[in-house]
Amino acid sequence: MRAATIRRDTKETQIQGSLKIDGRGVSEISTGVRFLDHMLELVARHGGFDLKLRATGDLDVDQHHTVEDAGIVLGQLFSKALGDRRGINRAGYFVLPMDETLAVAAIDLGGRPALVYKDLVRTRLVGDLQAELAEDFFGGFASHAGANVHVKVLYGRSSHHKLEAVFKCFARALRYACSKDKRLRGQLPSTKGLL
């Protein structure tokens, strides 16, 4: 069973999370930032992952620590649940329309962290989320999952649609990258023989 549980406590945040990769898209999310909760619920649903994440943080100071640390914990959960990553597809991509918006995400779980992120959001807030922190969330994920994450909104009008398209497409790309291929059973997804 590809599952993990993490507890991460810092001076700024306390986060508990659990993940089942081969789940049914069920989630219980509470971060104190309702729009982030909604986006993580979408990640679970569109990825087919069972995800629980409860975060408390210094939101009276700023959202930054809570949002970035939620990304860190999500990355740690995937890294732990994937183990040595034998038999997975390793890479995945998805193109997703969200009404007038079109976004693309590509992920490689090959062990090397990198993030390229362009969401075209020009507003300070989307719902109650400080919009610029979405990039910090994905940066935390990429660093701690050992993943290349490329996300780009190609065009769109609504800032809500842009961020929603980003999170949905990220989830769908991650779902494929994590999925197992019977032909690759027992193989590391690398010609180097290690990740």
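Residues numbered from 1 in each chain as written. Predicted model: local features only at pLDDT ≥ 70, side-chain atom pairs only at ≥ 80, totals over all residues. Heavy atoms only, no water.

Participant: In this structure, what is going on with the overall build of the protein chain? I would like to understand it.
Facilitator: Within the protein chain, the secondary structure is distributed over four helices and ten strands. Moving toward the C terminus, one meets the helices and strands of the protein chain in the order β-β-β-α-β-α-β-β-β-β-β-α-β-α. Rg of the C-alpha trace for the protein chain: 16 Å, near the compact-globule value of 16 Å for 195 residues, within the 12% margin. In terms of its C-alpha atoms, the protein chain occupies a principal-axis envelope of roughly 45 × 40 × 30 Å. Pairs at least 24 apart in sequence give 76% of the contacts found in the protein chain among residues at least 6 apart. In the form shown here, the protein chain has an accessible surface area of approximately 9,400 Å², with 49% of it arising from carbon and sulfur atoms. Treating the 29 positive side-chain charges of the protein chain as one cloud and the 23 negative ones as another, the clouds have centres 10 Å apart. (Helix = DSSP H or I, 4+ residues; strand = E, 2+ residues; numbered from the N terminus. Rg over C-alpha atoms; globule rule 2.2 N^0.38 Å. Contact = heavy atoms within 4.5 Å. Areas by Shrake-Rupley, 256 points an atom, 1.4 Å probe, with all protein chains shown as cover. Lys, Arg positive; Asp, Glu negative; His and termini not counted. Charge placed at Lys NZ, Arg CZ, Asp CG, Glu CD.)

Participant: Is there a simple way to explain the sheet that holds strand β1 (residues 3–9) in this structure?
Facilitator: Remark on secondary structure: sheet strands pair via backbone hydrogen bonds, oriented parallel or antiparallel. Pairing in this open sheet of four strands is mixed, and the strands run β1-β2-β4-β3 from one edge to the other. The sheet terminates laterally at β1 and β3 (27–30), the two strands that pair on one side only. The mean inter-strand angle of the sheet, taken between neighbouring strand axes irrespective of direction, is 5°. Relative to strand β4 (residues 50–57), β3 runs parallel, the two being bridged by four bridges. Counted as the bridge partner of S30 is R54 from β4. Across the face of the sheet, helix α1 (residues 34–47) comes into contact with β3 and β4 while running at roughly 160° to β3. The strands touched by helix α2 (residues 64–82) are β1, β2 (13–20) and β4; relative to β1, the strand with the most contacts, the crossing angle is about 145°. (Pairing = 2+ DSSP bridges. Axes fitted to C-alpha atoms, helices over the stretch in contact; angles between N-to-C directions.)

Participant: Just to check I follow, could you spell out the nonpolar core for this structure?
Facilitator: The tendency in soluble globular proteins is for nonpolar side chains to be buried as a group. Counting residues in hydrophobic clusters, the biggest one holds 60 residues, and the most contacted among them are F78, L109, F137, F141 and L174. Among the elements that make up this core, the one with the highest residue count is helix α4 (residues 159–178) (eleven residues). Once residues within four sequence positions are removed from consideration, L174 is found in contact with F49, F78, I107, L109 and F141. (Core = buried A, V, L, I, M, F, W, Y, C linked by side-chain atoms within 4.5 Å. Buried < 20%, exposed > 50% of the residue type's maximum accessible area, 1.4 Å probe, protein only.)

Participant: What exactly am I supposed to notice about the packing of α1 against α4 here?
Facilitator: Two packed helices can be described by the angle between their axes and the distance between those axes. Contact geometry of α1 with α4 gives a least axis separation of 8 Å together with a crossing angle of 35°. As α1 packs across α4, the resulting crossing turns out to be right-handed. Between α1 and α4, the residues in contact are F35, H38, M39, L42, V43, H46 and G47 and H160, L163, E164, F167, K168, F170, A171, R172 and R175, respectively. In terms of residue class, the contact of α1 with α4 is made up of eight nonpolar, four polar and four charged. (Left-handed = near helix turned anticlockwise from the far one by under 90°. Nonpolar A, V, L, I, M, F, W, Y, C, P; charged D, E, K, R; others polar.)

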